[in-house]
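So you can see what is in the structure, the chains are spelled out below.
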Amino acid sequence: MNEAQRRIRALHTASTITVYQAYPPEIGLPAVRQGHFPAAWKRDRMTWIKPSFLWMMYRCGWGTKPGQETVLAVEITRTGFEWALRNACLSSYVRGLHPDLSTWRRQVKRAPARVQWDPERDLRLRALPYRSLQLGLSGEAVRRYADEWTVSISDVTPLAQEIHALVGRGDVESAAQRLPQEREYPVTDGLTAHLRS
């Protein structure tokens, strides 16, 4: 199957998109119980959301890395997600796309969101030849994410552990069947310029 070099692959509905994050239990478990991020969750720091489940598994080591033991599926509004994309700047300078390095530095400092493309991963967490989106939120975007866009928060740590165990036993087919059914997220023409890199 031919894959686009850069494409948003995600679990999504007509009104929401699911993104993943991983936290220590003292943050993750109250977030699930309360349906929103607890007071201990810092709204003044950048937070990265990942629409790709397997990229999140790579980042958190299937929920085994210290401080990332609770894997959350955060369902947010598509309206909010697309606001972040429209107001994003690429996380790295690209010659020819940005007028110059100093202009990009000013843009990235002001932007409430950052687009970063990282290699997608397979079930053994090996890099694939195409990339998936990681979206960094700061300032206004963090507050909107936590207080306006979040629809629900689920603990998918047991799912991560189950899939990891199946892969460990060599049952990759069963593991693949348990994955969230991610598909291409439709990006309107108005968002295209913000997603190039």
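Residues numbered from 1 in each chain as written. Predicted model: local features only at pLDDT ≥ 70, side-chain atom pairs only at ≥ 80, totals over all residues. Heavy atoms only, no water.

Trainee: Got a minute to help me understand the packing of helix H3 (residues 78–86) against helix H5 (residues 140–149) in this structure?
Mentor: Relative orientation and spacing of two packed helices are given, respectively, by the angle between their axes and the distance between those axes. H5 packs onto H3 with a crossing angle of 175 degrees between their chain directions and a minimal axis gap of 10 Å. Our classification of the angle between H3 and H5 gives roughly antiparallel. Contact with H3, carried on its side by Gly80, Trp83 and Ala84, involves Glu140, Ala141, Arg144 and Trp149 of H5 and no other residues of that element. Residues that form the contact of H3 with H5 fall into these classes: four nonpolar, one polar and two charged. (Axes fitted to C-alpha atoms, helices over the stretch in contact; angles between N-to-C directions. Helix = DSSP H or I, 4+ residues; strand = E, 2+ residues; numbered from the N terminus. Parallel < 35°, antiparallel > 145°, perpendicular 65-115°, else oblique. Contact = heavy atoms within 4.5 Å. Nonpolar A, V, L, I, M, F, W, Y, C, P; charged D, E, K, R; others polar.)

Trainee: Sorry, what's going on with the pattern of salt bridges here?
Mentor: Proximity of charged atoms lets side chains of opposite charge pair with each other. This model, assessed by the stated rule, comprises five salt bridges. A salt bridge links Arg126 to Asp122, with the shortest nitrogen-to-oxygen separation between them at 2.8 Å. By relative accessible area, Asp122 is classed as buried at 17%. The closest approach of N and O atoms between Glu162 and Arg178, which form a salt bridge, is 3.0 Å. Here Arg178 lies in helix H7 (residues 172–178) and Glu162 lies in helix H6 (residues 157–168), a separation of 16 residues in the sequence. (Salt bridge = Lys/Arg side-chain N within 4 Å of Asp/Glu carboxyl O. Buried < 20%, exposed > 50% of the residue type's maximum accessible area, 1.4 Å probe, protein only.)

Trainee: How should I be thinking about the environment of Ala4 in this particular structure?
Mentor: Note that Ala4 resides in the segment before strand S1 (9–10). For the pair Ala4 and Arg131, spaced 127 residues apart in sequence, the C-alpha to C-alpha distance is 8.3 Å.

Trainee: I tried to follow the pairing of strand S7 (residues 127–137) on my own but got confused; where do I start?
Mentor: Along a regular strand, successive side chains alternate from one face of the sheet to the other. Where strand S3 (residues 47–49) meets S7, three bridges bridge the pair, whose relative direction is antiparallel. Across the sheet, Thr47 pairs through a bridge with Leu137, a residue of S7. In the sheet, strand S6 (residues 113–121) pairs with S7 via eight bridges, with the strands oriented antiparallel. Its bridge partner being in S7, Ala113 is matched across the sheet by Leu137. Linkage of S6 to S7, two consecutive antiparallel strands, is achieved through a turn of five residues, within which Leu125 is found at a positive phi near 65 degrees. (Pairing = 2+ DSSP bridges.)

Trainee: Hey, could you run me through the nonpolar core in this one?
Mentor: A general trend in soluble globular proteins is that nonpolar side chains are found buried together. Phe37, Ile76, Phe81, Leu135, Leu137 and Tyr145 are the most contacted members of the largest nonpolar core, which has 32 residues in total. Breaking this core down by element, the ones donating at least two residues are strand S2 (16–23), helix H1 (25–34), strand S4 (70–77), H3, strand S5 (88–90), S6, S7 and H5. Looking at which element gives the most residues to this core, the answer is H5, with five residues. If near-sequence neighbours (up to four positions away) are discounted, Phe37 is found in contact with Gln21, Tyr23, Ala31, Arg43, Leu72, Val74, Tyr145, Ala146, Thr150 and Ile153. With 20 residues, the next largest nonpolar core counts Phe53, Leu125, Leu159 and Val167 among its residues. (Core = buried A, V, L, I, M, F, W, Y, C linked by side-chain atoms within 4.5 Å.)

Trainee: Explain the pairing of S4 to me, please; I cannot follow it from the model alone.
Mentor: Of all eight residues in S4, six are buried, a share of seventy percent or more. As defined by bridge partners, S2 adjoins S4 across eight bridges and the pair is classed as antiparallel. If you follow Thr16 over to S4, its bridge partner there is Thr77. As judged from the five bridges shared by S4 and strand S8 (residues 150–155), these two strands associate in the antiparallel manner. Among the inter-strand pairings, Ala73 is bridged to a residue of S8, identified as Ser154.

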